[in-house]
Amino acid sequence: MKSLRDHFLRLDARSLGLFRITFGLVLIADLFGRWRWVRDFYSNEGVLPNHNHLFNLRGKQQVFSLFHAFSTEGEAHFAFSLALIVYALFLIGHRTRVFHVLSLLVLVSLTSRNILLENAGNYAAIAILALTAFLPCGSRFSLDSLRASLSLRDEKRDTELNDRSRVSEAEIAAERRPGWSPTSLAALAVLLQLALIYLCTALQQRGEAWRDGTAFYYALHAERLASDAGVWLRDALPLGTLRGLTFGTWGMQLAIPALLFVPALFRWTRGVAAALMVLHGLILGIFFDLGLFGWGLAAAAPLVLPGELWDAYERSWSEGRARTLVYDADCGVCLLLARLVKRLDLREHLTFQGNVALDELYVRNQTGATERVPMPKEVTPELVERTALAIDRKGRVYTRGAAITEGLLALPLGWLAWPLKLPGISHLLNALYDVVAACRHRISELLGRQACGVPLPDEDDADGGAGPVSDGPAPAVRTTRLVLGSLREAAVLVVLAAVLAQTAKENPLPGAAAVPQGAVLAGVASWPRMLAKWDVMAPEPPRSNEVMVIDGQTRASQPIDPLTGEEPQLQPAGNPGARLGQLWSDYLDRIRRPEWSDYQRAFRDYLAKGGPQATGTGREAALSGFDAYWVSAPTPAPGEPASTSFERDKLFSHSRGGTGRLGEGGLPLLPTLRHHGKPN
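Residues numbered from 1 in each chain as written. Predicted model: local features only at pLDDT ≥ 70, side-chain atom pairs only at ≥ 80, totals over all residues. Heavy atoms only, no water.

Draft legend 1. Inspection of the overall build of the protein at higher detail. Of regular secondary structure, the protein possesses 27 helices and ten strands. Projected onto its principal axes, the C-alpha coordinates of the protein cover approximately 95 × 60 × 50 Å. Considering the protein as a whole, with its 680 residues, one finds that 52% of them fall into the buried category. A separation of at least 24 residues holds for 76% of the contacts in the protein among residues at least 6 apart in sequence. When the accessible surface of the protein is split by element, carbon and sulfur atoms take 62% of a total near 30500 Å². Averaging the coordinates of the 70 positive side-chain charges in the protein and doing the same for the 67 negative ones gives two points 4 Å apart. (Helix = DSSP H or I, 4+ residues; strand = E, 2+ residues; numbered from the N terminus. Buried < 20%, exposed > 50% of the residue type's maximum accessible area, 1.4 Å probe, protein only. Contact = heavy atoms within 4.5 Å. Areas by Shrake-Rupley, 256 points an atom, 1.4 Å probe, with all protein chains shown as cover. Lys, Arg positive; Asp, Glu negative; His and termini not counted. Charge placed at Lys NZ, Arg CZ, Asp CG, Glu CD.)

Dropping the structure here:
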């Protein structure tokens, strides 16, 4: 029973910590992608001023956004700066629970500020961030856990630094030390949400293109879906490879849910599921502009890593990466850095030795025991007085900046330190090391550390500073934890019920009609925009290439498309307007539709101001009028020549209209496609 409980109701603290880091990086990247268009989408100077958004939403959508309080472009930049700080503090794990919730609030606010930009990626990222907020994502690999670990054990000597004895799981749970993760419905909710995203996406991809393997071919030929890398890869990869990617991606969406819920007897399947999640997310993220969908799911993959894989990783000791770090025992900041590095050394490759006794060298073997071997001859009292040392198992001695580099190489992700070995960079590192080393005792005092890092033998904390053994939390603390834990589980249950009801409403699940929603659960899902619409490239990718073209003219009667800054062109293939990114693709695809026509006036006003990439300044470069067209050209079947025909749908006109050149050449508008929007 314990194995089943841990399998379905508990996520490893190390998995939660790694998830926080990967997801924080994805959130920051998404923020910078939006920041590029902060004037266009998040200020009153753009396509959707605050008052226009709120007025048209009345009674239609349940939307809340902090960004509605920021109107000008400068204010929007300030708001984005605050959002970046929130995401960064969540990433590093400072006051993790607080900044986890604030990050969720920021993401919901970014999504709700302009709902014409949202897609399945926003819904997935918000749902994952909301459900993981109930779990301790700062219990490992965070500033919070680092501070807690340093306070629990205050090492003073190298023998204490080399003590890698571990606290039992019972003690970790009783004291909620770093590494604690509760048994909670939140873990099951996270797994269910991930499984539903993949399963519902696969079930909705029922079109012929998914069955015959041409889905990637057609999707990559839709300029508004394909990324820059996807445009290049569609021509570089043979059709057989694209078919393999189509079948492989769809198959992974069915395999991942099954692997997540295989019984605990087969825990290794969670590792396979995590690998498939990363692969699936990278394929979608690299090939397509789908916002947070692919990258967010890839960043969520660490959540499903089982503790057994972490334990196996930490036991994978490599002799080639083992190092002994010889530090200045009289330097307080040197001791502090050694304590920090010890906590980053998950695989226990590092051994620490003060520079007091140099007769023998401490080295760690594969069993974790510390051995004593002869000290290399070049290590002298004069040398260790000037510099820290790193000594490998073969007796090679590294000094100054090279010692720092070797210590970093022994840590997880140590390969990131390889550039420090390059000529030039290594010389700068040596110079920086010399400056810091000369001032190390002064720095120790400024940081409140003793200039001497070695305590006197009769000090009270000579046992390593581990502190008295606790009998467990006090009764009042246990009662408080029980009450708060019960409230947490009740909140998780409500959110999970809302997720399941909303998913059943929006997706073709078997027996979906049997899942009631009601006003309360609908509000829980809709206010934070957890809308669960997993219709990515469903039922199949478009078989036509579509783009919005603005036939504009300046006061000097020069033709210009304000979306591209160039002369308007009707041919969708290669149109610069289709390469503006996911935000513009989703916005333009919605603004052309009748159900979003209330927002067209603000869009016309924005275009009249010059659009995103208009060239030129002054009165003569200003637009005097334009016509908006939705242009589509059929994508040829694999192996067939490209078609020269296309269709045009005139959406609206502004002021005196465009140049009219797009109507030349005997290409009348199709009668059935005229005037989708409201008449002007």
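Anyway, onward from the coordinates.
Draft legend 2. How the structure looks around the nonpolar core. Phe293, Trp584, Tyr587 and Phe603 are the most contacted members of the largest nonpolar core, which totals 126 residues. Among the elements that take part in this core, helix α11 (residues 185-204) stands out by supplying eleven residues, more than any other. Here Phe293 is in contact with Ala120, Gly121, Ala124, Ile197, Thr201, Leu284, Trp534 and Val536, once residues within four sequence places are set aside. Core analysis: the next-biggest nonpolar cluster, separate from the first, contains 13 residues, Leu325, Tyr327, Ala338 and Tyr398 among them. (Core = buried A, V, L, I, M, F, W, Y, C linked by side-chain atoms within 4.5 Å.)

Draft legend 3. Highlighting the sheet that holds strand β8 (residues 559-560). Pairing is antiparallel in the open sheet, where four strands are placed in the order β8-β7-β9-β10. Bordering the open sheet on either side are β8 and β10 (647-655), each of which pairs with just one other strand. In this sheet, strand β9 (residues 623-634) lies alongside strand β7 (residues 544-554) in antiparallel orientation, the contact comprising eleven bridges. The partner of Met548 across the bridge, within β9, is Trp630. Together, β7, β9 and β10 form the strand contacts of helix α27 (residues 600-608), whose direction differs from that of β10 by roughly 75°. (Pairing = 2+ DSSP bridges. Axes fitted to C-alpha atoms, helices over the stretch in contact; angles between N-to-C directions.)

Draft legend 4. Spatial organisation of the packing of aromatic side chains. Per the stated rule, a full pass over the model turns up 21 aromatic pairs. Through a chain of ring-to-ring contacts, three or more aromatic side chains come together here, namely Trp37, Phe41, Trp584, Tyr587, Phe603, Tyr606 and Phe652. The side chain of Arg543 reaches across the aromatic face of Tyr218, ending 4.6 Å from its centre. The aromatic ring of Phe652 is capped on one face by Arg604, whose charged end is 5.5 Å from the ring centroid. (Phe/Tyr/Trp six-rings, centres within 6.5 Å; stacked < 30°, edge-to-face > 60°. Lys NZ or Arg CZ within 6 Å of the ring centre and 35° of its normal.)

Draft legend 5. Inspection of the pattern of salt bridges at higher detail. All told, the structure shown has 35 salt bridges when counted by the stated rule. Glu155 is paired through a salt bridge with Arg343; the nearest N and O atoms lie 3.1 Å apart. Of this pair, Glu155 sits in the loop between α8 (143-152) and α9 (158-161) while Arg343 sits in helix α19 (residues 332-344); the two residues are 188 residues apart in sequence, bridging distant segments of the chain. Classification of Arg343 by relative accessible area gives buried; the value is 18%. Asp328 is the salt-bridge partner of Arg440, the closest N and O atoms lying 2.8 Å from each other. Linking Arg440 in helix α23 (residues 440-446) with Asp328 in the loop between β1 (323-327) and α19, this pair joins segments that are 112 residues apart in sequence. Of the two residues, Arg440 and Asp328, both sit in the buried class. Through salt bridges with shared partners, a single ionic network connects Asp12, Arg14, Arg166, Asp311, Glu314 and Glu348. (Salt bridge = Lys/Arg side-chain N within 4 Å of Asp/Glu carboxyl O.)

Draft legend 6. Structural context of helix α26 (residues 582-591). Within α26, ten of the ten residues are buried, which leaves the element mostly enclosed by the surrounding structure. For α26, the full list of buried residues reads Gln582, Leu583, Trp584, Ser585, Asp586, Tyr587, Leu588, Asp589, Arg590 and Ile591. Residues of α26 that are buried in the fold lie against α2 (13-35), α3 (38-42), β7, α27 and β9.

Draft legend 7. Highlighting the side chain of Lys342. Locating Lys342 in the fold gives a position in helix α19. Among all residues touching Lys342, those that are not within four sequence positions of it are Arg153, Glu155, Glu160, Leu161, Asp163, Arg164 and Phe352.

Draft legend 8. Region of the structure containing a nonpolar patch on the surface. Taken together, the side chains of Phe64, Leu66, Val98, Leu102, Leu105 and Trp527 make up a nonpolar region of the molecular surface, amounting to roughly 500 Å² of accessible area. Mapped onto the secondary structure, Val98 falls in helix α6 (residues 96-113). (Patch = residues over 30% accessible without salt bridge, like charges linked within 9 Å, V, L, I, M, F, W, Y side chains within 5 Å.)

Draft legend 9. Examining the environment of Met252 more closely. For Met252, the position within the fold is in helix α15 (residues 239-260). When the C-alpha positions of Met252 and His280 are compared, they lie 7.0 Å apart, and in sequence the two are 28 residues distant. Those residues in contact with Met252 that sit more than four places away from it in its chain are Pro257, Leu276, Leu279, His280 and Ile283.

Draft legend 10. Summary view of the sheet that holds strand β2 (residues 350-354). Strand order in the open sheet formed by four strands is β2-β1-β5-β6, with mixed pairing between adjacent strands. In the strand order of this sheet, the two ends are held by β2 and β6 (397-399), each with one partner. Sheet twist, expressed as the mean angle between neighbouring strand axes with direction ignored, is 25°. In the sheet, β1 pairs with strand β5 (residues 389-392) via four bridges, with the strands oriented antiparallel.

Draft legend 11. How the structure looks around the pairing of strand β4 (residues 370-374). Relative to β4, strand β3 (residues 360-364) runs antiparallel, the two being bridged by five bridges. Each bridged residue has a counterpart across the sheet, and for Arg364 the counterpart in β4 is Thr370. The hairpin turn running from β3 into β4, its antiparallel successor, is five residues long, and Gly368 in that turn takes a positive phi close to 95°.

Draft legend 12. Molecular detail of the environment of Ser81. By the element assignment, Ser81 lies in helix α5 (residues 73-92). Ser81 sits 50 residues away from Leu31 along the chain, and the two C-alpha atoms are 9.7 Å apart.

Draft legend 13. Representation of the confidence of the model for the protein. Put simply, the protein has an average pLDDT of 88, and 91% of its residues get 70 or more. Predicted confidence is poor over residues 456-468, with pLDDT under 50, and the contacts of this stretch with residues over four places away or in other chains come to 15 contacts. Low pLDDT (under 50) marks residues 665-680, which in the prediction has 30 contacts with non-local residues, meaning those over four places away or in another chain. (pLDDT = per-residue confidence, 0-100.)

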